[in-house]
Number of protein chains: 2
Amino acid sequence: MKQPIGILDSGVGGLTVVKEAMRQLPHESLIYIGDNARCPYGPRTNEEILTYTTQLVDYLLKFNIKMLVIACNTATAVTAKVLQERLDIPVIGVIKPGALAANRKTVSGKVGLIATETTVRSHFYEHFLWQKNAHLEVTSLACPSFVNLVESHEYHSPLAKQVVKKQLQPMIDQQVDTLILGCTHFPIISDIIQMTMGDGVTLIDSGKETISEVSYILSYENIEASNEENDTSYQFFTTGSAQMFDEIAAEWLEKPITTKHVSLNELEGDE
Amino acid sequence: MKQPIGILDSGVGGLTVVKEAMRQLPHESLIYIGDNARCPYGPRTNEEILTYTTQLVDYLLKFNIKMLVIACNTATAVTAKVLQERLDIPVIGVIKPGALAANRKTVSGKVGLIATETTVRSHFYEHFLWQKNAHLEVTSLACPSFVNLVESHEYHSPLAKQVVKKQLQPMIDQQVDTLILGCTHFPIISDIIQMTMGDGVTLIDSGKETISEVSYILSYENIEASNEENDTSYQFFTTGSAQMFDEIAAEWLEKPITTKHVSLNELEGDE
């Protein structure tokens, strides 16, 4: 099936999902929209998050997408159930794949979660972790400042290390053996997080894991792209600065891309 | 959903799937049948494999299973499509999960497959690998003698190392970075295989990976067991020696089990 997979995020964090999709599913076309103008979603009300996400979804649906990936943990926590009921295409969030991967990897059964406040408060990770295995010990910690580090493109600064170290102390004290990066922005600073937590802790990149579920569901629903055509296309949209998005994407995806700006007026007009 | 997951194999190899299910899905009940009396399936005709597998499936269906796992690569290669069309429950084979995991893990794009002759000849692994990524280089090698090593419980003998080393030489020459253990018997001798291939090669345990797909599909189809009840049950059947099955299973699962013998007459009468 030639139709693209639609991917949305509050900003650039969902590019971790895009990168993995490009690598594992090179025949699948992708359409991405990042809501950088209204990022971060973490501190917003559920109503705002649902409204904004619905606007992004409506924009993607115009491209006749065959599957929707909510590449933002906060948006997944608030909107995944609603969208799964509303849309007649598969809707994949990033929380379940991250939870399942943590359950697969943990040996001690002590799992940590770092995420935005909204994601932590939603208890969605615990829901999926305990659904599979009620014996897991789960420690959750909101780290909203990490999102700003990434979105402001400041993650190479010496300040970043200090911020991360201070925030993660409670997680180190809990001696988790597996830590879920429960925000698609966090893998961009995973080097710093790994260094802080130590080599004994397995980091779970929820975005990367999401491509496992995407891959299984594409073939379970029999909607995979043909591997015989060479017309894979990638399209990127942002409500923020196309130039800044291009810069971060080029560094992260290791290839140049051309992002188009979409105004909030245009998105809001879609409702 | 309380109903058990049915798992079948030509012998004990599918216990690698059981072990992983017990670990990752502790609330799911399992029913396993191993066709040890007619093992190995590898050298048999497709007609025989289909007949035998159908008998095992009919036996499992009497227990009202909610999902069928074909924990045998050879049986998956020959019967998965037929069974997916025939049954109205999800049918999960071990080949697709192994292929998807190899696609996820490979860096060089050079993937190796070791399996029985039937599995290699079916080109099912290549089908799933290339469906996801047509650029992968795949080398396949039939290693039927490995099955006998395991089924005869001889895998601790010095002979085992020699057999494995000699067989794998062509795979070492191809410089694959990822090697699919495309037979559920092979993980039982994975130490020897890893030593022979070297630390730089990632081994893919197709049985273990299968539980990832099982886990995703259970929740996608909304048929997971409740995590609130404590009545998980495990039942094991074999067409061969219950005592030998118990011994291998106890060693592999690290817990004692009691296997029941099922006669071939009983199975054949089910047709």
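Residues numbered from 1 in each chain as written. Chains lettered and ligands numbered in written order. Predicted model: local features only at pLDDT ≥ 70, side-chain atom pairs only at ≥ 80, totals over all residues. Heavy atoms only, no water.

- Chain A is annotated in an unreviewed UniProt entry as Glutamate racemase of Aerococcus suis.
- Under the heading Sequence similarities (unreviewed entry), UniProt records this for chain A: "Belongs to the aspartate/glutamate racemases family."
- The record held by UniProt for chain A lists under Function (unreviewed entry) the comment "Provides the (R)-glutamate required for cell wall biosynthesis." (UniProt positions renumbered as here; feature names shortened; annotations may be inferred.)

**Regarding the sheet that holds strand E10 (residues 259-261) of chain B**
Hydrogen bonds between backbone atoms are what pair the strands of a sheet, whose relative direction is either parallel or antiparallel.
All names here are of chain B.
Piece 1. Across the sheet, which stays open at both edges, the six strands sit in the order E4-E3-E1-E2-E9-E10 with parallel pairing between neighbours. Each edge of the open sheet carries a strand with a single partner, namely strand E4 (91-93) and E10. Taking each pair of neighbouring strands and ignoring which way they run, the sheet shows an average axis angle of 20 degrees.
Piece 2. Two elements, strand E1 (residues 5-9) and strand E3 (residues 67-70), share four bridges in a ladder whose sense is parallel. Bridge pairing in E3 places Leu8 opposite Ile70.
Piece 3. Helix H3 (residues 73-86) contacts E3 and E4 of the sheet and is inclined by roughly 160 degrees relative to E3. (Pairing = 2+ DSSP bridges. Helix = DSSP H or I, 4+ residues; strand = E, 2+ residues; numbered from the N terminus. Axes fitted to C-alpha atoms, helices over the stretch in contact; angles between N-to-C directions. Contact = heavy atoms within 4.5 Å.)

**Considering the UniProt feature "active site" (unreviewed entry) in chain A**
Residues and elements named next belong to chain A.
Piece 1. If you check UniProt for "active site" (unreviewed entry), the listed places come out as Cys72 and Cys183 in our numbering. Maximum C-alpha separation among the annotated residues is 6.6 Å over a sequence range of 112 residues, consistent with a single clustered spot.
Piece 2. Not counting chain neighbours up to four residues away, the residues in contact with Cys72 comprise Leu8, Asp9, Ser10, Tyr41, Val94 and Thr184.
Piece 3. Every residue in contact with Cys183, bar those within four places of it in the chain, is listed here: Asn73, Ile114, Ala115, Thr116, Val147 and Ser206.

**Examining the UniProt feature "binding site: substrate" (unreviewed entry) in chain A**
Residues and elements named next belong to chain A.
Piece 1. In the numbering used here, UniProt assigns the "binding site: substrate" (unreviewed entry) feature to Asp9, Ser10, Tyr41, Gly42, Asn73, Thr74, Thr184 and His185. In summary, the annotated positions, though distributed over 177 residues, converge in three dimensions, the widest C-alpha pair being only 12.0 Å.
Piece 2. With respect to the element layout, Tyr41 can be found in the loop between strand E2 (30-34) and helix H2 (46-61).
Piece 3. Sequence-distant contacts of Tyr41, that is, excluding residues within four places in its chain, are made with Ser10, Asp35, Ile49, Tyr52, Thr53, Leu56, Cys72, Thr74, Ala75 and Thr118.
Piece 4. Only 2.5 Å separates the side chain of Tyr41 from the side chain of Asp35, close enough to count as a polar contact.
Piece 5. Those residues in contact with His185, other than ones at most four positions away along the chain, are Asp9, Ser10, Val12, Gly13, Cys39, Val147, Val150 and Glu151. (Polar contact = N/O pair within 3.5 Å; in protein donor to acceptor, adjacent residues only side chain to side chain.)

**Overview of the layout of surface pockets**
Piece 1. As a volume, the largest pocket reaches approximately 880 Å³.
Piece 2. Forming the boundary of the largest pocket are 34 residues, of which A:Arg104, A:Lys105, B:Lys105, B:Lys208 and B:Glu209 lie nearest the centre.
Piece 3. Element by element, the count of residues in the lining of the largest pocket is highest for helix H1 (residues 15-24) of chain B, at six residues.
Piece 4. For the lining of the largest pocket, a count of residues per class yields ten nonpolar, eight polar and 16 charged. (1 Å grid on protein atoms, 1.4 Å probe; cavity = no way out; pocket = protein on both sides within 12 Å on 5 of 7 lines; lining within 4 Å. Points joined across faces, edges and corners; volume = space filled by probe spheres on them. Nonpolar A, V, L, I, M, F, W, Y, C, P; charged D, E, K, R; others polar.)

**Topic: the domain arrangement of chain A**
Residues and elements named next belong to chain A.
Piece 1. Domains assigned within chain A are domain 1 (5-93 + 209-269) and domain 2 (96-207).
Piece 2. Here domain 1 and domain 2 have C-alpha centroids that lie 22 Å from each other.
Piece 3. Counting from both sides, the interface comprises 35 residues of domain 1 and, opposite them, 30 residues of domain 2.
Piece 4. Both sides together, the interface formed by domain 1 and domain 2 hides about 2,300 Å², and carbon and sulfur atoms give 54% of it.
Piece 5. Of all residues in domain 1, the largest losses of buried area upon contact with domain 2 belong to Asn73, Ala77 and Glu209, amounting jointly to 28% of the total for that side.
Piece 6. Where domain 1 touches domain 2, the interface holds two salt bridges.
Piece 7. Close ionic contact of Arg104 with Glu209 constitutes a salt bridge, the shortest N to O distance being 3.0 Å.
Piece 8. Where domain 1 meets domain 2, there are 13 residue pairs in polar contact (both at pLDDT 80 or more). (Domains from an automatic or database assignment. Buried area = accessible area lost by both parts, 1.4 Å probe. Salt bridge = Lys/Arg side-chain N within 4 Å of Asp/Glu carboxyl O.)

**So, the pairing of strand E1 (residues 5-9) of chain A**
Consecutive side chains of a regular strand alternate in pointing toward one face of the sheet and then the other.
Residue and element names in this part refer to chain A.
Piece 1. Where burial is concerned, most of E1 is hidden: five out of the five residues are buried.
Piece 2. Residues Ile5, Ile7 and Asp9 point to one face of E1 and Gly6 and Leu8 to the other, with burial holding for every one of them.
Piece 3. Here E1 pairs with E2 via five bridges, running parallel. Looking at the pairing, Leu8 lines up with Ile33 of E2.
Piece 4. Read as a crossover between parallel neighbours, the route from E1 over helix H1 (residues 15-24) to E2 is right-handed. (Buried < 20%, exposed > 50% of the residue type's maximum accessible area, 1.4 Å probe, protein only. Right-handed = clockwise from strand over helix to strand, strands pointing away.)

**Here we look at the pairing of E2(A)**
Residues and elements named next belong to chain A.
Piece 1. Counting buried positions along E2 yields five of five residues, so the element is predominantly enclosed.
Piece 2. Neither face of E2 is open: one carries Leu30, Tyr32 and Gly34, the other Ile31 and Ile33, and all of them are buried.
Piece 3. When E2 meets strand E9 (residues 234-238), the two strands line up parallel, connected through five bridges. In the strand pairing of E9, Ile31 is matched with Gln235.

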